[in-house]
Amino acid sequence: MERFDVVIIGSGAGGAPIAARLARAGHSVLVLEKGPLLRTQEEHPLGVSDFKRDELFATGAEKRLTLSGVANHFDSFYSSHVEPDLNDEPHIYEGADGLDRATIEGYTAQVVGGGTQLYGAVSLRFSELDLRLGSFNAGRSDIVGDPNGDVRREARDWPIDYATLEPYYCEAERLVGINGTRANQGKPFSADHYQTPYAPNPISAYVATGMDALGLPRYRTPLAVITEDHAPSGRIVPAAAEAAKTGYVNRYGDPLGLKSNTWVALLRPLSGMANFTLRANCVVTHLEMAGDRISKVVYRDVAGRPVEVAGGLVVVACSAIESVRLLLLSGERDPAFAARLNGNGLLGRHFLTHCFGGAEAIMPGRFDKSVSLDSDWATDACASEDFIRSQGLWAGGAIYNNTSDQALPISLARTHGSQDMDTIWQTFVDDTALTGDALNAFFDANFGTRLSVSFMANQVPLFDNRIELHPSIRDKWGRRVAYIRKTWHSHDVHLMNVFAEQCRRILAFGGDGGKGQFPVSEFGAIYMAANARARIANHILGGMRFGSDAADSVLDPNCRAWQFDNLYVTDGAFMPTSGGANPTLTIQANALRVADQLLARL
Amino acid sequence: MVPVLAVDNEYLFGLIGKFLAREDAGPRHDYGHLGADPRAGILEPWRFPWVDAVYDPDDAAQAYNAVTFVHAAADRQPGHAVQVAGSFADLHTPLPLLPLADTHYATLTLRIRKGEVHHYRLRIDGVWQVDPINPQRMMLDNGVEWSRFFTWGATRRLVLERWESRLLQRLCSHILPFHTADGETFFKRVHDAQGPANRAPHAYRLDESAGAVNFIDKLLAREEAHHLVDYQICLELIDGLLRQRNPVIEPWKLPREVFAELYREMATASVAGWNYGRYGNPRYFLQLLRRHTLTGVFSHPRYGGNAMTLGWKYLEERYRDASGATLFDWGRAIEAPLGRNSAYRG
């Protein structure tokens, strides 16, 4: 059996930073990734990238769900080229009607780089308060929509504070390669490693006007896209002006490698090192233990053959749902494993996503939205303690505009009226009146005119929101699939209404030069969607929260499973609360922090 | 001699793992092959052979694709002898697929011109047969079945009959905006701007579907072959219906108003004279057609639609600012020669 100092399962935001740091320190590192290695055009044997500026890569041809025992049997679905197939590897969720359905929600991407290949690259820090919501809410009686005191009971402080994490935020921002601005952010910075952002898309001026009119301090949304040559990863920006601004951003991999996914930013620079091994197309089926140590990592290689390897340390970072599932599957094979890992019954519990939603309007002017990155302006005004208390909230969040959404013709049509990946195309094909002149009118009204403002805020952690193994549905390897069981708390609903109104006001004030009367017909939040229970925003968090008390958490403050000597979990599963911002940068920063702890052990 | 392209194992592994590697080979997928057909046990078998881009710095037209044939041994054991022969090369000189590392897969990557349709067979351990993965098949005149593939931008009709294409074009045209006054002005301008020497080739004749029918033909031949039966039944029903209503004129020549009325009826799922016994829901077919048409006219031309990038150009021209600059500068992001991005190769 091959042995490595460290075996890391997953090559995305939680795994790659650890691989980079430990490999550079001279330790032997194996990264196992379920998906393929898709490369930029410069490194590819055919001289072209496996990623394309092609709308059918983001959302492909129709497929039909053949799984039996789900309410959406035989429904159509459309997935990107790097998302798993729902017939081979579905996620199942329990709907409000008690029926099970397969969903693409909760998957990021199966590819080297994981979700960082397809994400919009918004790279916000969490606020200082996001990490101490337990103590902040203790004893409060002014929290709206919380008649049973769930918030006070379930809110937790992180076992580390912002000051501990802050140097790692700086390091992540430097290593990953992020453009943005620091001024007006509501979070303390000890160093500024941001590259200079490109000029915003002109449509974003409405958002700037609205935020200014409302007195909301704004800053350029930090985006993991390099705008200048990036020494840590050796990447060079092409001579063409603003080459990354294409509209092919969110849900597209970047053929030029300017988006700072973890392959180009962290792993590719290790490629020539003898002590670094990356094995793509390898799915880990389970872990085995001996005493208090993980003794084997068992995976299937590209030919489907079982292979065993051993790691002095084992890091699980294959996205929260799949990480929980991997450990549940390991426990299913070995009751002693389950008992050791899940003695307190918290494995898979307190699963989290974000409270998210926003507002969208047809603005007075038309702009070329295809010359854009994912976002231009953000504000932390709704993350302040004053705002939170004034609205009876338990926590805050970030607000930012989306620039690239619906920038291209097919994406405009297929997302017309749809709420998520599971309902794509439905409204357009149903809206049979859209033909000829009416189709012209549809494009006239919507193409280059739509502007949205989104919020990303903390969801209340609940014991009953959880990841389990589905009782009957199995993947193509014969393993039980993940079963997502979650709902929204009444306080989440209040919080989302408050934030949606803030987003609406930004557009209302931005659309008419600060008077606040511009009509904003679409605003709301995800709890209103027909399949609200499924919605995850691909922010997959919790399920193995870390903490200082072994009875109240799955992982210790260094993300080590309490009862195992060498098992660590570093994707979003470790989070006891979901933070008031997109999570990727925090997962990366925490992974660098854990890497330092591992270095001290090795 | 068709050139063999050198690719690395990492590239080949990426074409295989997600789609072919599995423990459960049961019928998990429905591309019209559910049941005992082993292709129902493969994810997206239509992807094989893989047709990819290949960049040639000396070819401004970028006229070739990289086509990778993959064989997966049924017994999951390495060591099988596999060869391919096809219309892309000398049929009497089969080319060997080489073992992929120590796996039971064998592969071969060839450089083949874009816009072509080819047939081929595999010789597996001495026995000639169709490709067991690729669902695309065709019968030659001598009654022998071959596997088929096509490269980017192919325009030869594959699964639709000529009369079906003509009828379909009229239905697509009704959905799209090009038959409107604005659309006709645009088409005339594009046509005039080309000049006699540069007029579109026969296959890309300017029609009001801007390539959507060709896109649908290719989609039904490959990715959405499971919907071919919808088109075959519904086009036959529509043809019969229109002949009934207008006995002396060929259906595809009927005036626009006839198609507009038919469209309206189909939208309500209540079509006078429709044979509901054969196809229960004409509205479903209309929905399918709407998605396919819209996708065909605005997707990358490699899929066979958006002929001469007319879909994109229509929006480029329609939306301009006060200074006349376009508000959909699609060519800025897209590779040459279609677009003008200097870094991206497609």
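These numbers come from a predicted model, not from an experiment.

K.L.:
Go over the interface of chain B and chain A with me, naming the residues and quoting the values.
P.N.:
On the side of chain A, 79 residues touch chain B, which itself brings 78 residues to the contact. Buried surface at the junction of chain B and chain A, both sides included, amounts to about 6400 Å², of which 54% is carbon and sulfur. Counting across the interface, chain B meets chain A through 11 salt bridges. Taking the shortest distance from any N to any O, the salt bridge between R305 of chain A and D102 of chain B comes out at 3.1 Å. Where chain B packs against chain A, one counts 47 residue pairs in polar contact (both at pLDDT 80 or more). Broken down by element, the residue count for the side of chain B that touches chain A peaks at nine residues, all from helix α7 (residues 282–298) of chain B.

K.L.:
Please give an account of the pairing of strand β6 (residues 100–103) of chain A that cites residues and values.
P.N.:
All names here are of chain A. Bridging between strand β5 (residues 91–94) and β6 involves four bridges; their strand directions are antiparallel. If you follow Y93 over to β6, its bridge partner there is R101. Between β5 and the antiparallel strand that follows it, β6, lie five residues; G98 among them carries a positive phi value of about 85°.

K.L.:
Give me the pairing of strand β11 (residues 306–316) of chain A: which residues, what numbers.
P.N.:
Remember that side chains alternate between the two faces of the sheet whenever the strand is regular. Residues and elements named next belong to chain A. The pairing of strand β1 (residues 2–9) with β11 spans seven bridges and is parallel. In the strand pairing of β11, V7 is matched with V314. As paired strands, strand β10 (residues 293–300) and β11 are joined by four bridges and run antiparallel to one another. Opposite R300, over in β11, you have P306 as the bridge partner. As consecutive antiparallel partners, β10 and β11 are separated by five residues, and within that stretch G304 has a phi angle of approximately 85°, a positive value.

K.L.:
I'd like a description of the packing of helix α3 (residues 181–194) of chain B against helix α8 (residues 310–318) of chain B, backed by residues and values.
P.N.:
All names here are of chain B. Running from N to C, α3 and α8 point in directions that differ by 110°, and their axes come no closer than 11 Å. Relative to α8, the element α3 is oriented roughly perpendicular. In this structure, α3 uses D182, G183, F186, F187, R189 and V190 to contact α8, whose residues at the interface are L310, K313, Y314, E317 and R318. Looking at the contact of α3 with α8 residue by residue, the class counts come to five nonpolar, one polar and five charged.

K.L.:
Please give an account of the packing of aromatic side chains that cites residues and values.
P.N.:
Applying the stated rule across the entire model yields 32 aromatic pairs over all chains. Each ring, one from Y162 of chain A and one from Y169 of chain A, has its centre 5.9 Å from the other, and the planes form 40°; the classification is tilted. On the numbers, 5.7 Å between centres and 75° between planes, the contact of F186 of chain B with F187 of chain B is edge-to-face. These aromatic residues form a ring-pair network of at least three members: W425, F428, F442, F443 and F447 of chain A together with F298, Y319 and F328 of chain B. A cation over an aromatic ring shows up here: R125 of chain A above the ring of F189 of chain A, its NZ or CZ 3.6 Å from the ring centre. The residue whose ring lies beneath R111 of chain B is Y64 of chain B, and the NZ or CZ to ring-centre distance is 3.8 Å.

K.L.:
Give a detailed account of the sheet that holds strand β2 (residues 64–72) of chain B, specifying residues and quantitative values.
P.N.:
All names here are of chain B. A sheet is described by the order of its strands in space; here four strands give the open sequence β1-β2-β6-β5, paired in antiparallel fashion. The open sheet is flanked by β1 (50–53) and β5 (98–99), the only strands paired with a single partner. Its contacts with the sheet place helix α1 (residues 9–20) against β1, β2 and β6 (105–113), and it is angled at close to 55° to β2.

K.L.:
Run through the confidence of the model for chain B, naming residues and quoting values.
P.N.:
Note: predicted coordinates in regions of low pLDDT should not be interpreted at a detailed level. Residues and elements named next belong to chain B. Chain-level statistics for chain B give a pLDDT mean of 93 and a share of 95% at 70 or above. Of the regions scoring below 50 in pLDDT, residues 201–205 engages in six contacts with residues more than four places distant in sequence or in other chains. We note a pTM of 0.97 for the whole complex and an ipTM of 0.96 for its interfaces.

K.L.:
So what's going on with the nonpolar core? Which residues, and what values?
P.N.:
The biggest cluster of nonpolar side chains holds 170 residues, and the ones touching the most others in it are L287, F455 and L567 of chain A. It is helix α14 (residues 490–511) of chain A that contributes the most residues to this core, 10 residues altogether. Counting residues in hydrophobic clusters, the runner-up holds 82 residues, among them I175, F215, L219 and L237 of chain B.

K.L.:
Break down the sheet that holds β5 of chain A for me, with residues and values.
P.N.:
All names here are of chain A. The sheet built from four strands is open, its strands ordered β6-β5-β18-β17 with mixed pairing. Looking at strand neighbours, the two that pair on one side only are β6 and β17 (466–474), the edges of this open sheet. Ignoring which end each strand starts from, the neighbouring axes of this sheet average 40° apart. When β5 meets strand β18 (residues 480–485), the two strands line up parallel, connected through two bridges. Bridge pairing in β18 places I92 opposite Y483.

K.L.:
Describe helix α8 (residues 320–333) of chain A, with residues and values.
P.N.:
Residues and elements named next belong to chain A. For α8, spanning 14 residues, the distance from its first C-alpha to its last is 20 Å, which sits close to the expected 20 Å at 1.5 Å a residue. Taken across its 14 residues, α8 has 12 buried, putting it largely inside the fold. All buried positions along α8 are accounted for by A320, I321, E322, S323, V324, R325, L326, L327, L328, L329, S330 and G331.

K.L.:
Outline the packing of helix α5 (residues 228–245) of chain B against α7 of chain B, supporting the account with residue identities and numerical values.
P.N.:
All names here are of chain B. Two numbers describe how α5 lies on α7: the axes approach to 11 Å, and their chain directions differ by 115°. The angle between the axes of α5 and α7 places the two elements in the roughly perpendicular class. For the element pair α5 and α7, the recorded crossing hand is left-handed. The segment α5 lies against α7, with D230, Y231, C234 and I238 engaging Y284, F285, L288, L289 and H292. Taken together, the residues of the contact of α5 with α7 sort by class into seven nonpolar, one polar and one charged.

Scoring rules and cut-offs
- Residues numbered from 1 in each chain as written.
- Chains lettered and ligands numbered in written order.
- Predicted model: local features only at pLDDT ≥ 70, side-chain atom pairs only at ≥ 80, totals over all residues.
- Heavy atoms only, no water.
- Contact = heavy atoms within 4.5 Å.
- Buried area = accessible area lost by both parts, 1.4 Å probe.
- Salt bridge = Lys/Arg side-chain N within 4 Å of Asp/Glu carboxyl O.
- Polar contact = N/O pair within 3.5 Å; in protein donor to acceptor, adjacent residues only side chain to side chain.
- Helix = DSSP H or I, 4+ residues; strand = E, 2+ residues; numbered from the N terminus.
- Pairing = 2+ DSSP bridges.
- Axes fitted to C-alpha atoms, helices over the stretch in contact; angles between N-to-C directions.
- Parallel < 35°, antiparallel > 145°, perpendicular 65-115°, else oblique.
- Nonpolar A, V, L, I, M, F, W, Y, C, P; charged D, E, K, R; others polar.
- Phe/Tyr/Trp six-rings, centres within 6.5 Å; stacked < 30°, edge-to-face > 60°.
- Lys NZ or Arg CZ within 6 Å of the ring centre and 35° of its normal.
- pLDDT = per-residue confidence, 0-100.
- Core = buried A, V, L, I, M, F, W, Y, C linked by side-chain atoms within 4.5 Å.
- Buried < 20%, exposed > 50% of the residue type's maximum accessible area, 1.4 Å probe, protein only.
- Expected span 1.5 Å × (residues − 1).
- Left-handed = near helix turned anticlockwise from the far one by under 90°.

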